[in-house]
Each structure stands twice: as C-alpha cells, then as structure tokens.
Amino acid sequence: MRLGRTRAMALIGMQGSFVDVEADISSQLPGLVIIGLPDAALLQARHRVRAAASNCGIPLDGHLITVNLSPAALPKHGCSFDLAIALACLAAAGDVVQESIERVVHIGELALDGRLRPVPGILPAVAEAARLGAEIVMVPVACAAEAELVSGIRVVGVCDLRDAAIWHGGAFDARPVDPIAAAVVTEPTIAADGDLSDVIGQDDAVFALQVAAAGRHHALFIGPPGAGKTMLADRLVGILPDLDDEAALEVGAIRSLSGLGVPSSLQRRPPLETPHHTATAAAMIGGGSGVVRPGSAVRAGHGVLFLDEAPEFPANVLDALRQPLESGRVAIHRANTVASFPARFQLVLAANPCPCGLYGVPRETCTCPPAARRRYLARLSGPLIDRIDIQVQVSRVSAVHVRLASEQSRATTADARARVQAARAAARERLATTGWATNAEVSGRWLRAPANRPSATALAPLDRALERGQITMRGYDRVLRVAWSVADLSGATSPTPAHVGQALYLRRGEDR
C-alpha cells in the first residue's frame, strides 16, 4: 500500500478543525488529483506542490497521486494545505517517515521554488491545534515567532519543502536557502501623541469618558465641528487598562486572520478601529467570497470602534451593529457554513447636531430647517441609540475655558487609567462569582435582584423617568450599569442617589 497521511488545519471564522490529508499513489498516468471539497485556491495546489517538489530536488512520484482531504464535507479554503499535501505525497512514495508526519500538524503555502510562504491565520490555527490536542506544528519560518505565542505546543519553523522532508527523516542533503520573509509588523501606537490633559473645557465629556472606560460602556458625543469629539474618542483607548493574556491572544488571532500580521510579542494595548463613513456592511461586520475575513467591528474586539460622522454611515451598516452590541459576537452566514467571530467592543459615535453642524452654536446661524435636523439625527435608529449607555452634548471651547485651563490642573491619561483600573478591579471583585468582568456585561436580572439593587432612595429618580416614559426598560438597566461604574470610580460600595442622577444625566445627554 502506497499511502501517506498527515494533518492540516481548516479554519472557519475563529473555529478550527483537523483535516486528515491522505495521499495514494496508483499505477496510472501521471497526475495529481485533490478531492474533499477544496476551493479554487486549494485546487491549484496540485500545480504548486509538483513544481515546488521538483525545483527543490525531491520530485514527486511519476504515477497518479490522489490526495483526499477529510472530512470531505468540511469546506476548505486557501493555500495553507500545500505543505501537508506535499509531505503526504512524499510519505506515500517512501521518501519521508510516515510515523513522523502523522504526529505533526503542517501549515504553509509553497512557492514554486519549494520555499514556504507565510500565510494569514497562523496564530488562530496553531491555537486551535493546541486546543484540539496537537503536540507539534510545522509552519514557515517567517511565521514561527507568531506561532510560538501559543503555549503548550512545539513549533517547528522550516524554510522550504526540502528542510521539512529532512526533518521528517528524508535522506536528502541540506541546502542553504534564503527564507521568504514576513511583512514587517510594528506595534500599533494608538493615540501615543495625545494625552487626556490636552482636552480643554470639556469636564463633563472627560468624566463621561472615564465612566465609559470603567464599565466598557458605549458612548455618543454630539456637538458642532471643532468641539473635540474626535480628540475625546482617541483618548479613550489611552485610559483603557492593558489586555490580559487571553484577550491579547484573541486580538492577535484576529489581526492574523485579517492579514495584518502579528508583532513578535502579544499586543497589550486595546485596538482602535476608525472606519470611514463610506464603509459597507461587509467591511464593518466581515465577509468576502471564499475565506471569510473579519470586519472593523471584529478587529475592534477588546478595544474601541469609533464612528466619526456617524449619521453619514448607511442605515444598514449602523443597524448591522445592533446584534453584536448585545451578544458580543458576529455570525456570518454562507450557503454551506457559518463563520463566527468574537466582537465585544466599545462603540463610540460622534455626530453633528444638524447637517451644517451649527445648530445651537453661539454667534453662528444654522441654516437647517427643523425637519432636516430631525431627519439627520434620526439616521441613528432608535434601537441603536437605546443601546448607547452614555450620551454627551459637547460644546465649542471659549476663550474663558482656555484661560482657566492654563491655571488649573487637568487629569492626565496616566491618572485616568489608574482610576479606571481601580474601578475595573472593584467590579471584578464584586462580579467574581457571576462570570462577568465589567458592568456593561451584567444582566438586568442581576442588577434588579434584591441582593444587588441600590436603595429605594437612590432609585427614585430612575423609577420616575421610567414611569414618565423617558427611558425604556432596557434603558433602565443600562442606567443602573452606568451608576455602578460611577460608584466604582468614586470608590463607593453601592450607587447613591448622586451616582444614579449622574448616570441618568449621562444616559439622556441633557439635564431634564
């Protein structure tokens, strides 16, 4: 029996499955046939594999080789199966040791000269292989540093197919080869040139920003151009705590799937995504033909998704965010599969008060009729706005604010981050037995339970707002979440009437 067998990884979204790669050599006319539901890129591996093997000095057998990718019903995409296919063919011919390739998972694309090219998705593929029990994974040498970010699995980096065959016991002489280098990836420097103390005259907005960071709440800033809405959103990332190991690995896996590359060490700062208002729903959520790629909302996981000029985004793009805001996941459906991605991000929206942006600005004249103003902000649908915990009116800074700013000390990014970290620690301790980590995740049932509910005095203004129809029941629970975040920032053990009042003010965007 001339049969070789090894394993590769198939990724659908962030979920991976082992694929058994079997190669059989039969006494028929020369050829290489791939079966098992490959896509077009994978089907072309028959040309890449044969040329790569020949050009690196270990040609494949001259008879018909049938390669089966099992399970056959599982869709398989991309070029990362090339290395596994080549080694299974060599094992079937007896050129490498079958027992060796059976215990290794192989991931990599072959160039025509036999060298291995880096492929996107190495980090999630290796992480899934480790989760499924694999002990050794072989990858292109350019991807070895990325793969080694996953603990509990041995990573073998090889330059070309000949090196891989030698590692698996092939009787070939080693040859010097220049590996194909990966693209240079630098650590993102989000808002590195700005500090929270740069914000002048926006005390309410700065406080709201810290509350949003403390509880991972979504926020909406409404104000005229030049008021500082974009500056505030940029500073939010700076005051967020560093990512833990699990979150940093997830962020790195999503970057790898997106083809953005992964730094040599895990990224500890939360990501910031700022898509343009011409973005499509697929660009925002994810999609694509063949391999499904994550969109901006997924790449912003554990970080901030900032939509500047939010009313200018198409309505279907904004409404596509409603489900991930609630569930923290994005599911992209295709005819034969569903790709699921984590998408637990903080949404920050910035909007002008009207199309011309001058409504309510002192000494300026707004030319927009009332109907146009209503239609403009109505582009942000009611269900979407109902999911925004914090809404802040931002005004232009006056000369008085500038003069006072030079005389008063203002909170820096470092000070605000320390306060946010202390508030997050208090929330984690309180929620230690619930499975939640931040106030934004807490369910309404837990918030309203007798053991956790604030006093009747503290809840009085919130109950009145609900009776008057000023907030919905979902809004009631969201105000309670914000109130807990305000209490955590102030070091209190439970929300007081002042904390609930501040949360209600932040929820409605004005003092009513």
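Criteria and thresholds
Residues numbered from 1 in each chain as written. Predicted model: local features only at pLDDT ≥ 70, side-chain atom pairs only at ≥ 80, totals over all residues. Heavy atoms only, no water. UniProt positions renumbered as here; feature names shortened; annotations may be inferred. Buried < 20%, exposed > 50% of the residue type's maximum accessible area, 1.4 Å probe, protein only. Helix = DSSP H or I, 4+ residues; strand = E, 2+ residues; numbered from the N terminus. Salt bridge = Lys/Arg side-chain N within 4 Å of Asp/Glu carboxyl O. Contact = heavy atoms within 4.5 Å.

Going by the annotation in an unreviewed UniProt entry, the name recorded for the protein is ATP-binding protein, with Orlajensenia flava given as the source organism. Quoted verbatim from the Sequence similarities (unreviewed entry) heading of the UniProt record, the comment on the protein is "Belongs to the Mg-chelatase subunits D/I family. ComM subfamily."

Judged by how many residues are buried, helix 3 (residues 82-92) sits mostly within the fold: 11 of 11 residues are covered. In the stretch just after helix 3, Gly-94 is the one whose phi turns positive, near 80°.

Before going further, it helps to spend a moment on the pattern of salt bridges. For the structure shown, the criterion picks out 20 salt bridges. Of the charged contacts in the structure, one is a salt bridge between Arg-115 and Asp-113, with a shortest N-O distance of 2.9 Å. The shortest N-O distance in the salt bridge between Arg-235 and Asp-198 comes to 3.1 Å. Placement of the pair is Arg-235 in helix 9 (residues 229-239) and Asp-198 in the loop between helix 7 (161-167) and helix 8 (203-215), with a sequence separation of 37 residues. By relative accessible area, which is 12% here, Arg-235 ends up buried. Each of Glu-326, Asp-386, Arg-387, Asp-389, Arg-474, Arg-478 and Arg-507 takes part in one network of salt bridges that share partners.

This next bit is on the side chain of Glu-109. Here Glu-109 shows up in strand 6 (residues 109-110). Each residue touching Glu-109, except ones within four places of it in the same chain, is listed here: Cys-79, Asp-82, Arg-115, Leu-116, Arg-117 and Val-119.

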